[in-house]
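# Geometric and topological summary
Spelled out from the first residue to the last, the chains are:
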Amino acid sequence: MHQYLKAIGFGGIKGKGELHKILNEVQTAYSHHELVSQKDEMDFCEYQKEYGAGIGITLYGDMGVEEEFIQQYYLPYFLGTGITSYADVYIEKCMDRDAYVGICEDMKVGISLIFHLQNLTQYLTEKEKTDSIKYKSVTLSGLCDGGTVLLPVLKNENQEKKQKEEVKNRMMLMDAARTGDPAAIESLTLDDIDTYSKVSRRLVSEDIFTIVDTYIMPYGVECDCYSIMGEILELDEIENEYSGERLYVMNLDVNGLIFDICVPVKEVVGEPAVGRRFKGNIWMQGRINF
């Protein structure tokens, strides 16, 4: 059973029997269906069923000439809104199955963000047309099993302005460092040493979450899972039509990246509200906007 089914409201599934019943429903009563022709006699097939606003399950497999569906794997999905990044995106195929991951090189976070590609059939269709696919932007989203709500860090206008300027300067330095500028590399190294020194001194008398405003870093052994903390910009509630479970949809600002996450209401510690922060572990998904 997929670990992040719980994130879209299927945490109450009692066993594989009920899971197979749900997957059969996805195939027979689908909301969306796509076929992509391949070089061999089998077509790549996608069945998708929506169980709420922007949430659902996708089945992937092969379809033969006799229209017999052979399932490869299934995934829960959550569709984000807006544009997360205009940075370059590279697409790589997974080794063990017909799935793809995207690698986004956004300067705001300083690491390569890896995400599961949601609009796979659209990508394969575009790939058949041309080898040099043009991407306009990427919309990221996260599935989260649970998390904690934290109060915001108190900052005045001058502090916020200074922080924005520092982030902008760091992005410029990182962009220069990528091209091999030795002065930029040295400046970034000195900044990191200075930051480490300041944090070490403050940790003696302060809590780490009063020092760190937001963060995103890899979590666990999977390449597309992250531990995040971000400011809640928007908050909404939706319901899983199958289970009736309530879900929070939060629009977060994480290190300058704006994206949505979906998390069960009963698994959130604290009362979320706009301006407060959310901390949790997510499975990153995303779709490319062509």
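The rules behind these values
- Residues numbered from 1 in each chain as written.
- Predicted model: local features only at pLDDT ≥ 70, side-chain atom pairs only at ≥ 80, totals over all residues.
- Heavy atoms only, no water.
- Helix = DSSP H or I, 4+ residues; strand = E, 2+ residues; numbered from the N terminus.
- Rg over C-alpha atoms; globule rule 2.2 N^0.38 Å.
- Buried < 20%, exposed > 50% of the residue type's maximum accessible area, 1.4 Å probe, protein only.
- Contact = heavy atoms within 4.5 Å.
- Lys, Arg positive; Asp, Glu negative; His and termini not counted.
- Charge placed at Lys NZ, Arg CZ, Asp CG, Glu CD.
- Disulfide = S-S within 2.5 Å.
- Salt bridge = Lys/Arg side-chain N within 4 Å of Asp/Glu carboxyl O.
- Expected span 1.5 Å × (residues − 1).
- Polar contact = N/O pair within 3.5 Å; in protein donor to acceptor, adjacent residues only side chain to side chain.

## Re the overall build of the protein
When helices and strands are tallied, the protein shows 5 helices and 14 strands. For the protein, whose C-alpha radius of gyration is 21 Å, the value lies close to the compact-globule estimate of 19 Å for 290 residues. Over its C-alpha atoms, taken along the principal directions, the protein stretches across nearly 65 × 45 × 30 Å. The proportion of buried residues among the 290 residues of the protein is 42%. For the protein, the share of sequence-separated contacts (at least 6 apart) that also reach a separation of at least 24 residues comes to 59%. Across the protein, the centroid of the 29 positively charged side chains sits 5 Å from that of the 48 negatively charged ones.

## Some thoughts on the state of the cysteines
In this structure the tally under the stated criterion is 0 disulfides. Take C144: it sits in no disulfide, and the sulfur closest to it among the cysteines is that of C262, at 9.1 Å. With relative accessibility at 0%, the residue C144 sits in the buried group.

## Things to note about the pattern of salt bridges
For the structure on display, the rule yields 4 salt bridges. A salt bridge links R246 to E239; the nearest nitrogen and oxygen atoms lie 3.3 Å apart. Taking relative accessible area as the criterion, R246 reaches 34% and is therefore assigned partly exposed. The structure contains a network of salt bridges with shared partners spanning E237, E239 and R246.

## Section: helix α4 (residues 182-202)
For α4, built from 21 residues, the straight-helix expectation of 30 Å at 1.5 Å per residue is met to within 8% by its first-to-last C-alpha distance of 31 Å. The residue sitting at the N-terminus of α4 and contributing the capping side-chain oxygen is D181; that oxygen lies 3.0 Å from the backbone nitrogen of A183.

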